[in-house]
Amino acid sequence: DQQVKQNSPSLSVQEGRISILNCDYTNSMFDYFLWYKKYPAEGPTFLISISSIKDKNEDGRFTVFLNKSAKHLSLHIVPSQPGDSAVYFCGHGSSNTGKLIFGQGTTLQVKP
Amino acid sequence: NAGVTQTPKFRVLKTGQSMTLLCAQDMNHEYMYWYRQDPGMGLRLIHYSVGEGTTAKGEVPDGYNVSRLKKQNFLLGLESAAPSQTSVYFCASTALRDRHSGANVLTFGAGSRLTVL
């Protein structure tokens, strides 16, 4: 049973508009959440994270929102750029155990 | 500074053969991980290690064994390969914590594509 679920396999957005990627989780025991980005034929790279005690974290064009009551995480990219086209993985982890679990990924396409 | 290096990058095996994937990092990281990426399944954790001489099971450990005899190396072994183990395997390591969340920030290798016929 997947602990982290990204129910939208793909998303297409026009350049300059907002991209919203969503993630649901089942286990509340992990103490942080994060997003990674992956280009074809490369390893994933870290994008942004949020502590489980926070509701929002912002870094430039990227903002992550955490809704603990709904067990839902979202990533907002504003404005979206063609270079943002990639696969995005959400995940959650434990600082104590080191365990880090990811979801299925969402492929974002930003059209010029 | 090479980061995380995975060997080999590509390999084709026959069912029942054995092989070992090698992950090497030169960043003195404590934690190391093996993931597999499959279409529609995302990144799934196979095994991980929080230090030299330690290993722990992830989400999909069956059919794999690991060893962390040296801090810089994390080996993933397939004793008897099966077609279901056809995948792209990623190794990652970390000793870094994001200052906002305390999250372990992983550095990934470029991946090893394994095909089992």
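These numbers come from a predicted model, not from an experiment. (Residues numbered from 1 in each chain as written. Chains lettered and ligands numbered in written order. Predicted model: local features only at pLDDT ≥ 70, side-chain atom pairs only at ≥ 80, totals over all residues. Heavy atoms only, no water.)

1. A few points about the overall build of chain A
We count it as follows: Helical segments are the DSSP runs of H or I of at least four residues, strand segments are the runs of E of at least two, and each set is numbered from the N terminus. Radius of gyration: over C-alpha atoms. The globule rule applied is 2.2 Å multiplied by the number of residues raised to the 0.38 power.
Scanning chain A from terminus to terminus reveals zero helices and 11 strands. Beginning at the N terminus, the succession of helices and strands in chain A can be written as β-β-β-β-β-β-β-β-β-β-β. Here chain A has a C-alpha radius of gyration of 13 Å; the compact-globule value for 112 residues is 13 Å, and the two agree. Dimensions along the principal axes, computed over C-alpha positions, put chain A at roughly 40 × 30 × 20 Å.

2. Thoughts on the pairing of strand 6 (residues 56–59) of chain A
Residue and element names in this part refer to chain A. Inclusion rule: Any two strands with at least two DSSP bridges between them are considered paired.
With four bridges connecting them, strand 6 and strand 7 (residues 62–67) associate as antiparallel partners. Looking across to strand 7, one finds that E58 is bridged to T63. Hairpin geometry of strand 6 and strand 7 is characterised by an intervening segment of two residues between the two adjacent antiparallel strands and by a positive phi of about 65 degrees at G60.

3. What to know about the sheet that holds strand 3 (residues 19–25) of chain A
Pairing in this open sheet of five strands is antiparallel, and the strands run 1-3-8-7-6 (chain A) from one edge to the other. The outermost strands of the open sheet, each flanked by one partner alone, are strand 1 (4–5) and strand 6 of chain A.

4. A closer look at the nonpolar core
Our working definition: Side-chain atoms within 4.5 Å are what join buried Ala, Val, Leu, Ile, Met, Phe, Trp, Tyr and Cys residues into a set we call a nonpolar core. We call a residue buried when its accessible area falls under 20% of the maximum for its residue type, exposed when it is over 50%, and partly exposed in between, using a 1.4 Å probe and counting protein chains only. Contact between two residues is taken to exist if any of their heavy atoms lie within 4.5 Å; hydrogens are not considered.
Membership of the largest hydrophobic core comes to 42 residues, with the highest contact counts inside it found for A:W35, A:L73, A:L75, A:Y88, A:F102, B:Y33 and B:Y35. Here the element with the most residues in this core is strand 4 (residues 32–38) of chain A; it accounts for five residues. Once residues within four sequence positions are removed from consideration, B:Y35 is found in contact with A:L100, A:F102, B:L43, B:R44, B:L45, B:I46, B:V88, B:Y89, B:F90, B:L106 and B:F108. If you look at the next biggest cluster of nonpolar residues, it comprises 18 residues, including B:C23, B:I46, B:Y64 and B:C91.

5. Some thoughts on the sheet that holds strand 8 (residues 73–78) of chain B
Residues and elements named next belong to chain B. Heads up, the condition is: For every element, the axis is a line fit to its C-alpha atoms; helices are fit only across the contacting stretch, and the angle between N-to-C directions ranges from 0 to 180 degrees.
Within the open sheet, the four strands sit side by side as 1-3-8-7. Their pairing is antiparallel. The strands lining the two open edges of the sheet, one partner per strand, are strand 1 (4–7) and strand 7 (65–67). Sheet twist, expressed as the mean angle between neighbouring strand axes with direction ignored, is 15 degrees. Here strand 3 (residues 19–25) runs beside strand 8; their pairing, made up of six bridges, is antiparallel. Residue pairing across strands places L22 opposite L75, the latter belonging to strand 8.

6. Things to note about the pairing of strand 4 (residues 31–38) of chain B
All names here are of chain B. Among the eight residues of strand 4, eight are classified as buried, and the element is accordingly described as predominantly covered. Taking every second residue as pointing to the same face, both faces of strand 4 are buried, with Y31, Y33, Y35 and Q37 on one and M32, W34, R36 and D38 on the other. Relative to strand 9 (residues 87–97), strand 4 runs antiparallel, the two sharing seven bridges. Along strand 9, the bridge assignment pairs R36 with Y89. Across seven bridges, the pairing between strand 4 and strand 5 (residues 42–49) is antiparallel. Note that in strand 5 the partner of W34 across the bridge is H47. Where strand 4 hands over to strand 5, the hairpin turn is made up of three residues, of which G40 adopts a positive phi near 80 degrees.

7. Examining the confidence of the model for chain A
Short version of the rule: pLDDT measures the predictor's confidence residue by residue and takes values from 0 up to 100.
In the predicted model, chain A carries a mean pLDDT of 93, and the fraction of residues at 70 or more is 98%. The secondary-structure element of chain A with the lowest mean pLDDT is strand 1 of chain A, recorded at 90, while strand 11 (residues 106–111) of chain A shows the highest, at 98.

8. Re the interface of chain A and chain B
As a reminder of what qualifies: Throughout, the accessible surface (probe 1.4 Å) given up by two parts as they are put together, summed over both, is called the buried area. Any Lys or Arg side-chain nitrogen found within 4 Å of a carboxyl oxygen on Asp or Glu counts as a salt bridge.
Tallying the contact residues gives 26 residues for chain A and 25 residues for chain B. When chain A packs against chain B, the two sides together hide about 2,000 Å² of surface, and 57% of this comes from carbon and sulfur. Looking at the side of chain A facing chain B, the largest losses of area belong to A:P44, A:L100 and A:F102, adding up to 20% of the total buried there. The interface formed by chain A and chain B includes zero salt bridges. Listing elements by their share of the side of chain A that touches chain B, those giving two or more residues are strand 4, strand 5 (45–51) and strand 10 (100–102) of chain A.

9. Quick look at the environment of B:S93
All names here are of chain B. Put simply, the rule is: Any pair of nitrogen or oxygen atoms within 3.5 Å is treated as a polar contact; in protein, a donor-acceptor pairing is required on top of that, and neighbouring residues in sequence qualify only through side-chain atoms on both sides.
Looking at the secondary structure, you find S93 in strand 9. By relative accessible area, which is 0% here, S93 ends up buried. Note: C-alpha distance between S93 and V50 (43 residues apart in sequence) is 9.6 Å. Excluding its chain neighbours within four sequence positions, the residues that come into contact with S93 are V4, Q25, M27, H29, Y31, M32, V105, L106 and T107. A polar contact is formed between the side chain of S93 and the side chain of H29, at a distance of 2.7 Å.

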